[in-house]
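What follows is the residue order along each chain.
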Amino acid sequence: YALWRADQIWVPSKFTASEVRRLFPRFAYKLRVLSPAVPLAPETPTLLPARLPKRYWLAVGTREPRKNISLLVRTWQRARQDDPCIPDLLLVGHSAHLPSELRDLPGLHFLSDIDGAMLIEVYRCAERLWQPSYAEGFGLPVIEALAAGTPVAVAKGTALDEVTPPQAPRFSPHDADELLRLMRRLARESTGDRQIFIDWAQRFSPQHFQQNLSNLL
């Protein structure tokens with residue numbers, strides 16, 4: 001009913017548009033893509049909680065099953081058992097969102113109830129953000145990490161293909177062995193020039209959003 005009544009339907013990605021088109025083909029002519037605005041990280045750093053590890057990989061969001069965090073944690077655990085190069089894993093979210101057997105693994109950390117400034121610093125200090133989602137309408141954590149100069153590794157498919165630099169590592173969200181191999185490789189690779197990631201995130205800046213919004217209006 002909402003789609004029928006709307007004059008236009010604004011969605012955050014081409015992937016979301018394709019899903020709406022697939023499910024509701026009669027309303028395809030109303031679809032417009034407007035990616036959200038993601039401000040760049042401020043220059044002034046915020047102090048991190050003292051309990052955080054010195055080296056860590058990062059994943060943001062644990063509540064929704066589509067985020068696929070259980071696969072990420074299980075695979076990270078396998079990689080860490082026989083590879084000392086694998087960093088700790090920090091999850092921004094609650095441990096209660098994971099199966100009980102995954103909540104108290106050595107090297108696994110949880111962080112919740114933090115403000116935006118601290119989240120940006122958590123991104124900035126991470127060695128890499130992992131986004132294993134098998135259903136993603138936009139992928140805000142990816143852009144937030146890139147805006148902070150942090151490299152990312154993402155699951156193939158969905159909107160993550162649109163918001164991630166083409167050279168970024170990718171893996172199947174349903175193939176734990178492929179993810180395991182990628183973790184072992186990336187644990188030994190340099191993260192590269194952080195400015196490249198910041199420059200990529202500029203395409204989602206408030207200035208670009210304002211121009212896109214003006215064009216749609």
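Quantities reported herein were computed from a predicted structural model and do not represent experimental measurements.

Participant: Is there a simple way to explain the overall build of the chain in this structure?
Facilitator: A tally of helices and strands in the chain yields 9 helices and 8 strands. Its C-alpha atoms give the chain a radius of gyration of 18 Å, within 12% of the compact-globule value 17 Å for 217 residues. On the principal axes, the C-alpha backbone points of the chain span a range of 55 × 35 × 30 Å. For the chain, buried positions account for 45% of its 217 residues. The contacts of the chain with a sequence gap of at least 6 include a subset with a gap of at least 24, amounting to 63%. In the form shown here, the chain has an accessible surface area of approximately 11,300 Å², with 54% of it arising from carbon and sulfur atoms.

Participant: I keep staring at the nonpolar core and nothing clicks. Help me out?
Facilitator: The biggest cluster of nonpolar side chains holds 57 residues, and the ones touching the most others in it are Leu58, Val73, Leu91, Leu108, Val122 and Trp130. Ranked by residue count, the leading element in this core is helix 3 (residues 69-81), at 6 residues. Aside from chain neighbours lying at most four places away, what touches leucine 91 is Ala59, Thr62, Ile69, Val73, Leu98, Leu108, His109, Phe110 and Leu111. Formed by 6 residues, the second largest nonpolar core is a distinct cluster that contains Ile9, Val11, Val20 and Leu31.

Participant: Before we go on, may I ask you to explain the packing of aromatic side chains in this structure?
Facilitator: The tally for this structure, following the rule as stated, stands at 4 aromatic pairs. Where tyrosine 1 meets tryptophan 4, the ring centres are 5.8 Å apart and the plane angle is 45 degrees; that geometry is what we call tilted. Taken together through their ring pairs, the aromatic side chains of Trp57, Trp130 and Phe171 make up a single cluster. One cation-aromatic arrangement involves arginine 203 over tryptophan 200; the distance from NZ or CZ to the ring centre is 3.5 Å.

Participant: What is the right way to read the environment of aspartate 83 from this model?
Facilitator: Looking at the secondary structure, you find aspartate 83 in the loop between helix 3 and strand 4 (88-92). Taking the C-alpha atoms as reference points, aspartate 83 and tyrosine 56, 27 residues apart in sequence, are found 14 Å from one another.

Participant: What's the story with the pattern of salt bridges in this structure? I'm lost.
Facilitator: Scanning the entire structure with this criterion turns up 14 salt bridges. Note that arginine 66 and glutamate 136 form a salt bridge whose closest N and O atoms lie 3.4 Å from each other. Here the residue arginine 66 occupies a position in the loop between strand 3 (56-60) and helix 3, and glutamate 136 occupies one in the loop between strand 6 (128-131) and helix 5 (140-147), the gap between them amounting to 70 residues. Judged by relative accessible area, which is 5%, glutamate 136 ranks as buried. The partner of glutamate 121 in a salt bridge is arginine 124, and the shortest N-O contact between them spans 3.0 Å. Within this pair, glutamate 121 and its partner arginine 124 are both found in helix 4 (residues 116-125), separated by 3 residues, close to a single helical turn. Sharing partners across several salt bridges, the network here consists of Glu64, Arg66, Lys67 and Glu136.

Participant: Sorry if this is basic, but what is going on with the side chain of glutamate 178 here?
Facilitator: Structurally, the position occupied by glutamate 178 is in helix 7 (residues 176-186). Setting aside chain neighbours within four positions, we find glutamate 178 in contact with Lys156, Arg170, Phe171 and Ser172.

Participant: What is the right way to look at the packing of helix 5 against helix 8 (residues 194-201) in this model?
Facilitator: A pair of packed helices is characterised by two quantities: the angle between their axes and the separation of those axes. Two numbers describe how helix 5 lies on helix 8: the axes approach to 7 Å, and their chain directions differ by 130 degrees. By the criterion of interaxial angle, the relationship of helix 5 to helix 8 is oblique. Between helix 5 and helix 8, the contacting residues are Ile143, Leu146 and Ala147 on the first element and Phe197, Ile198, Trp200 and Ala201 on the second.

The rules behind these values
- Residues numbered from 1 in each chain as written.
- Predicted model: local features only at pLDDT ≥ 70, side-chain atom pairs only at ≥ 80, totals over all residues.
- Heavy atoms only, no water.
- Helix = DSSP H or I, 4+ residues; strand = E, 2+ residues; numbered from the N terminus.
- Rg over C-alpha atoms; globule rule 2.2 N^0.38 Å.
- Buried < 20%, exposed > 50% of the residue type's maximum accessible area, 1.4 Å probe, protein only.
- Contact = heavy atoms within 4.5 Å.
- Areas by Shrake-Rupley, 256 points an atom, 1.4 Å probe, with all protein chains shown as cover.
- Core = buried A, V, L, I, M, F, W, Y, C linked by side-chain atoms within 4.5 Å.
- Phe/Tyr/Trp six-rings, centres within 6.5 Å; stacked < 30°, edge-to-face > 60°.
- Lys NZ or Arg CZ within 6 Å of the ring centre and 35° of its normal.
- Salt bridge = Lys/Arg side-chain N within 4 Å of Asp/Glu carboxyl O.
- Axes fitted to C-alpha atoms, helices over the stretch in contact; angles between N-to-C directions.
- Parallel < 35°, antiparallel > 145°, perpendicular 65-115°, else oblique.

Distances and angles like these do not, on their own, reveal function.
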